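An overview of the molecular structure
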Amino acid sequence: MSTLLSTLIMGLSLGAIYSLMAVALILVWRSTRVVNFAQAGQAVLSTYIGLEIHRMTGSYWLAILLSIIFGGVLGGLIDLALVRPLLRRAGSGPEAAVAPVIATLGLLAVLQGVSGMLWGGELINFPSAFSTAGLSIGGSKIPFSAFDLFTVGASLAVMLAFSFIFQRTGLGLSMRAAAFSPEVAQLAGVRTGRVRTIGWSFAGAAGGLAGVLITPTTFLAPNSLDLLLVFGFTAAVVGGLESMIGGALGGLALGFGLALVLQYAGSSYTFMTAFVVLLAVLLLRPQGLIGKRSGRRV
Amino acid sequence: MVDVSKRPLHFLSRIPRPVRVLIGIAIAAFAWVLMGDRVSEFRITQGSMVAAYALAIISIVMLTGYSGQVSLGHGSFLAVGAYACALFLVNLHWPIWLTFFISVIAAAIVGAIVGIAAARLSGPYLAGTTLAFAVGVPSISGLVNILGGEQGISWDAAEQYGPPSRYGDPYMFLNKWVYWICGAALILGIALAVNITKSRYGRIWRAVRADESAAALAGINVARSKILAFAVSAGFAGFAGAILSVTLSSVAPSTFGLSLSFLILTGAVIGGIRSIYGAIVGALALVILPMLSDMIASNASESIHTNLPGVITGVLLVLTVLFNPGGTAAAFNHLAHGLRSKGRRSSH
């Protein structure tokens, strides 16, 4: 098998996880106009909860399910307890411009600190339901394990579920309306506050799943998902930060790109990749790779 | 107009401004030296850290408070300044004040380059991009041999910039000597920052921050003002990085990770994002908070002990944003204003 092909296959599961994170960030951005930097902390805490469930019950499926549920509940709670008062107090001047950034960064510090208090700072190995060794097809080994297959499948399922909810249900219609124009949606009877809370909890659930899926390959520590946040944000921007499909495709593109960088340039260069990609996209094509050109400012 | 003669200390305004500035600098220098004589060897290094943090926070205040741009990656500009300082100290044995100059220039150049991109971004885009910058820059140390990889570069402070040997054993006196260097740098930095923000450029930055279209209509080149703000701010951050490396007598990529960028931002928010003098309060908070949490958690387990400072600063950040967005400086101004108006009322 050619090196290029196996590198791209390797990027597929990475890309699927970045897509999940990107979709989580986009959900929050569309409903609240806030980039949620605490997403990494929410995901880490949800993953630790899953780990704890796995230790107690030994069931991987229960663990992953409860991680997702906990992520969703936590996301909703954060909206109610922090975002709602923050939006109500929105002032003006430089303080107002940085307020959401500072608030979510503060929350990130709290969530990571609490995770560290409860589970310590050392790297923990998170179990996976499937083997992480490469599958073999026709006698040759490929760098794609059964777990990678599960990762891609689970991400795809979440994306399909989200797009079904958004396109086919009343709730999805309210969410799209609230994102498009909060005032008009409110006039039309959409309870925008509740819709926003639901958006935050969907995002938290997707982040929880992303955390559970990435830890078998990266290990778990309170700040182990910081990079996932940075790459998820990059993927979201590549996709234009507005469209869920764009975010998903952006995640995949970033996964392929990073796998190529890893293979042909070395791991030291991966950290710079996100910055270079972000700059290139924002300066050359600020509407995202698939977005429509409009007067939007970045 | 406020009647100036009603203000407390109004008689000071009769003294010519240059004299006032010199008196202020003299008092600050005296206070810095006096504080250094009152504390132990360990505490004195913390004083040097306060100077480094304060300079870094000033760079955030100029960028965010005056120019209205957000940066989550200022730790990287500290890294540029610190590594520039280290390279010129260790390899070329330049005098320390000259290496400070190099640090400021190097960081300002990098800042100008990032600023060109930043001028076209705003809000979350700028925050996210600078976040990626903060993640990327420390990894460069692994790519370039001269930067010393994960270990970084360390040196003998007494040999490079220790006190003159005629005052006795340079090692006995080293920490206090470094503390004095840091104090001089801090006072110089504050004087410069106050001057810049009160100058034409400070006014331009505030005009752009308040309303870009109005500023452009008034003939201001918006993009150029933003790039200049980024370069000046990065220069201050580079100065802070040089001070930090001089204090630690080493540089390593782990010092300049994401957490340093977040720490500086925390200090700026706690001190007050618009206040140069608030930066000192923020820097003090950054040094005192870990000590405080040390005291609280002295009997707690290892994991609580190491994570308590992060939780405390996180909670403090959220509470500040929700209840006191202007930080300590705004709270202080509010208090002073309240006292003043009360005094005026009672005099009638």
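Residues numbered from 1 in each chain as written. Chains lettered and ligands numbered in written order. Predicted model: local features only at pLDDT ≥ 70, side-chain atom pairs only at ≥ 80, totals over all residues.

**Some points on the overall build of chain A**
- Along chain A, the regular secondary structure elements total eleven helices and two strands.
- Its C-alpha atoms give chain A a radius of gyration of 19 Å, within 12% of the compact-globule value 19 Å for 298 residues.
- When the backbone C-alpha atoms are referred to their principal axes, chain A occupies close to 65 × 45 × 40 Å.
- When each of the 298 residues of chain A is scored for burial, the buried share is 52%.
- If you take every contact in chain A between residues at least 6 apart in sequence, the share linking residues at least 24 apart comes to 73%. (Helix = DSSP H or I, 4+ residues; strand = E, 2+ residues; numbered from the N terminus. Rg over C-alpha atoms; globule rule 2.2 N^0.38 Å. Buried ≥ 20, exposed ≤ 12 C-beta atoms within 10 Å, placed from the backbone. Contact = placed C-beta atoms within 7 Å.)

**Some words on the interface of chain B and chain A**
- Contact with chain B, which involves 44 residues of that partner, is made by 43 residues of chain A.
- Among the secondary structure elements, those contributing two or more residues to the side of chain B that touches chain A are helix H2 (41-66), helix H5 (123-136), helix H11 (258-271) and helix H13 (302-323) of chain B.
- When residues of the side of chain B that touches chain A are assigned to their parent elements, the largest contribution, 13 residues, is made by H13 of chain B.
- Residues belonging to the side of chain B that touches chain A are distributed by class as follows: 24 nonpolar, 17 polar and three charged. (Nonpolar A, V, L, I, M, F, W, Y, C, P; charged D, E, K, R; others polar.)

**What to know about the packing of helix H10 (residues 244-264) of chain A against helix H11 (residues 270-284) of chain A**
Residue and element names in this part refer to chain A.
- With their axes 10 Å apart at the nearest point, H10 and H11 run at an angle of 140° to one another. Of the possible angle classes, the one that applies to H10 and H11 is oblique. Like other packed secondary-structure pairs, H10 and H11 cross with a definite hand, here right-handed. Contacts between H10 and H11 involve Leu254, Gly257, Leu258, Val261 and Leu262 on the former and, on the latter, Thr270, Thr273 and Val277. (Axes fitted to C-alpha atoms, helices over the stretch in contact; angles between N-to-C directions. Parallel < 35°, antiparallel > 145°, perpendicular 65-115°, else oblique. Left-handed = near helix turned anticlockwise from the far one by under 90°.)

**A word on helix H9 (residues 226-238) of chain A**
Residues and elements named next belong to chain A.
- Taking 1.5 Å of rise per residue, 13 residues should cover 18 Å, and H9 covers 18 Å from first to last C-alpha, within 8% of that figure.
- Where burial is concerned, most of H9 is hidden: twelve out of the 13 residues are buried.
- By the burial criterion, the buried members of H9 are Asp226, Leu228, Leu229, Val230, Phe231, Gly232, Phe233, Thr234, Ala235, Ala236, Val237 and Val238.
- Gly240 lies just past H9 and shows a positive phi near 100°. (Expected span 1.5 Å × (residues − 1).)

**Regarding unusual backbone geometry**
- Positive phi values are uncommon outside glycine, yet Arg33 of chain A reaches one of about 60°.
- Locating Arg33 of chain A in the fold gives a position in the loop between helix H1 (3-32) and helix H2 (39-57).
- Note on Arg33 of chain A: 13 C-beta atoms within 10 Å, which makes it partly exposed.
- For His93 of chain B, which is not a glycine, the phi torsion comes out positive at approximately 55°.
- Locating His93 of chain B in the fold gives a position in the loop between helix H3 (74-90) and helix H4 (96-118).

**Comments concerning the confidence of the model for chain B**
All names here are of chain B.
- The share of residues in chain B with pLDDT of 70 or more is 94%, and the mean pLDDT across the chain is 85.
- The lowest-confidence element of chain B is helix H14 (residues 327-347), averaging 70 in pLDDT; the highest-confidence one is helix H10 (residues 222-248), averaging 94.
- This complex was scored by the predictor with a pTM of 0.87 and an ipTM of 0.85. (pLDDT = per-residue confidence, 0-100.)

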